[in-house]
Amino acid sequence: MALGSLTPAELQARLRAGEDLVVLDVREDEERALCAIEGSVHIPMGELSLRHVELDPERTTVCV
């Protein structure tokens, strides 16, 4: 698994191209209420250590 960063425009382009990505939103509920990414998986950072098993290890995950 490669580590790195994407700009919002790069992520949008990859999603529009049909790349099979999991967009993981780790923001807290209050932050997500301001703006959520359609189709993203929401697991707040404070719950990630308990809920990481909900993620598919075979797919590339992009954290927001």
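Everything quoted here is computed from the prediction, not taken from an experiment.

**Q** I tried to follow the pairing of strand β1 (residues 21–25) on my own but got confused; where do I start?
**A** Two faces, one strand: in a regular strand the side chains alternate between the faces of the sheet. Burial runs high along β1: five of the five residues are buried. Here β1 shows a buried face lined by Leu21, Val23 and Asp25 and a second buried face lined by Val22 and Leu24. Of the pairings in the sheet, the one linking β1 to strand β3 (residues 60–63) comprises four bridges and is parallel in character. When the bridges of β3 are listed, Val22 appears paired with Thr61.

**Q** Just to check I follow, could you spell out a negative patch on the surface for this structure?
**A** A surface patch of like charges, here negative, comprises Glu28, Asp29, Glu30 and Glu31. Mapped onto the elements of the fold, Asp29 is located in helix α2 (residues 29–34). Taking relative accessible area as the criterion, Asp29 reaches 49% and is therefore assigned partly exposed.

Each value, and the rule that gives it
Residues numbered from 1 in each chain as written. Predicted model: local features only at pLDDT ≥ 70, side-chain atom pairs only at ≥ 80, totals over all residues. Heavy atoms only, no water. Buried < 20%, exposed > 50% of the residue type's maximum accessible area, 1.4 Å probe, protein only. Helix = DSSP H or I, 4+ residues; strand = E, 2+ residues; numbered from the N terminus. Pairing = 2+ DSSP bridges. Patch = residues over 30% accessible without salt bridge, like charges linked within 9 Å, V, L, I, M, F, W, Y side chains within 5 Å. Areas by Shrake-Rupley, 256 points an atom, 1.4 Å probe, with all protein chains shown as cover. Salt bridge = Lys/Arg side-chain N within 4 Å of Asp/Glu carboxyl O. Lys, Arg positive; Asp, Glu negative; His and termini not counted. Charge placed at Lys NZ, Arg CZ, Asp CG, Glu CD.

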